[in-house]
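Architecture at a glance
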Amino acid sequence: MIGGWKGRKKEWDYIKMKTSKIIEITNKVYPLISENYKSNAKVELYSNIFDRLNASPAIGEDKAFAEYSWDTNKIYLYTNHMDSEEDVIRSLIHECVHSKQSYDIYEAYYNECNLDYELHPYEIEAEYEEEKWEKYKRI
């Protein structure tokens, strides 16, 4: 299911249990989430966005839980920010919703309409769908 943990080895001992739990939860719920949202996006785990990009953290490190890439059709879960089953399930749902949205329209809302994250219709839709997370907890 998951394409493998891509975090740095030095961090592995610190987050091993947490990462294994995230993998367990993902493997349990993602097949149904992806089926329900008609998404074929693959999932990969990284400790954070900087680890995924092989970049140095900026001041005030990004606190993203997850991210969807239209270029790769992948959902990236960031393990450093996942503290609960709810975080994992909500992130998977949120990014699955994005995987079915148009990239061009997504960008146009930011670039041409000057909307911020809180007012972006695609983010509002994804956050609305997140509220259904408990349905998957019972699996």
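Let us look at the pairing of strand 4 (residues 74-78). Taking burial as the measure, the 5 residues of strand 4 include 4 buried ones, the bulk of the element. The pairing of strand 2 (residues 42-46) with strand 4 spans 5 bridges and is classified as parallel. Across the sheet, the residue bridging to glutamate 44 is tyrosine 76, located in strand 4. For strand 3 (residues 66-69) and strand 4, the ladder comprises 4 bridges, and the chain directions are antiparallel. Across the sheet, the residue bridging to alanine 66 is leucine 77, located in strand 4. Counted between consecutive antiparallel strands, the loop separating strand 3 from strand 4 contains 4 residues, among which asparagine 73 sits at a positive phi close to 55°.

On inspection of all chains with the given rule, the structure shows 7 aromatic pairs. Here the aromatic cluster, defined as three or more aromatic residues joined through ring pairs, consists of Tyr68, Trp70, Tyr103, Tyr106, Tyr109, Tyr110 and Tyr122. When the ring centre of tyrosine 76 is taken as reference, the NZ or CZ atom of arginine 52 above it lies at 4.1 Å.

Once that is clear, we can look at the pattern of salt bridges. Applying the stated criterion to the full structure yields 9 salt bridges. Across the pair lysine 74 and glutamate 44 runs a salt bridge whose closest N-O atoms are separated by 2.8 Å. Taken together, the residues lysine 74 in strand 4 and glutamate 44 in strand 2 connect sequence positions 30 residues apart. Looking at glutamate 44, the relative accessible area reads 8%, which means it is buried.

Attention shifts here to the environment of isoleucine 33. Looking at where isoleucine 33 falls in the secondary structure, it is placed in helix 1 (residues 9-36). Of the residues examined, isoleucine 33 reaches a relative accessible area of 0% and is grouped as buried. Here isoleucine 33 is in contact with Ile89, Leu92, Ile93, Cys96 and Tyr136, once residues within four sequence places are set aside.

In this structure, Tyr30, Ile33, Ile75, Leu77, Ile89, Leu92 and Ile93 are the most contacted members of the largest nonpolar core, which totals 23 residues. Going through the elements one at a time, helix 1, strand 2, strand 3, strand 4 and helix 3 (85-99) are the ones with two or more residues in this core. If you tally residues by element for this core, the top one is helix 3, at 6 residues. Those residues in contact with isoleucine 89 that sit more than four places away from it in its chain are Ile25, Val29, Ile33, Trp133, Tyr136 and Lys137. Core analysis: the next-biggest nonpolar cluster, separate from the first, contains 5 residues, Tyr46, Ile49, Phe50 and Tyr78 among them.

Per-residue pLDDT for the protein chain has a mean of 86; in total, 83% of the residues score no lower than 70. Below pLDDT 50 for its whole length, residues 3-10 participates in 16 contacts with residues either more than four positions away or in separate chains.

What counts, and at which threshold
- Residues numbered from 1 in each chain as written.
- Predicted model: local features only at pLDDT ≥ 70, side-chain atom pairs only at ≥ 80, totals over all residues.
- Heavy atoms only, no water.
- Buried < 20%, exposed > 50% of the residue type's maximum accessible area, 1.4 Å probe, protein only.
- Helix = DSSP H or I, 4+ residues; strand = E, 2+ residues; numbered from the N terminus.
- Pairing = 2+ DSSP bridges.
- Phe/Tyr/Trp six-rings, centres within 6.5 Å; stacked < 30°, edge-to-face > 60°.
- Lys NZ or Arg CZ within 6 Å of the ring centre and 35° of its normal.
- Salt bridge = Lys/Arg side-chain N within 4 Å of Asp/Glu carboxyl O.
- Contact = heavy atoms within 4.5 Å.
- Core = buried A, V, L, I, M, F, W, Y, C linked by side-chain atoms within 4.5 Å.
- pLDDT = per-residue confidence, 0-100.

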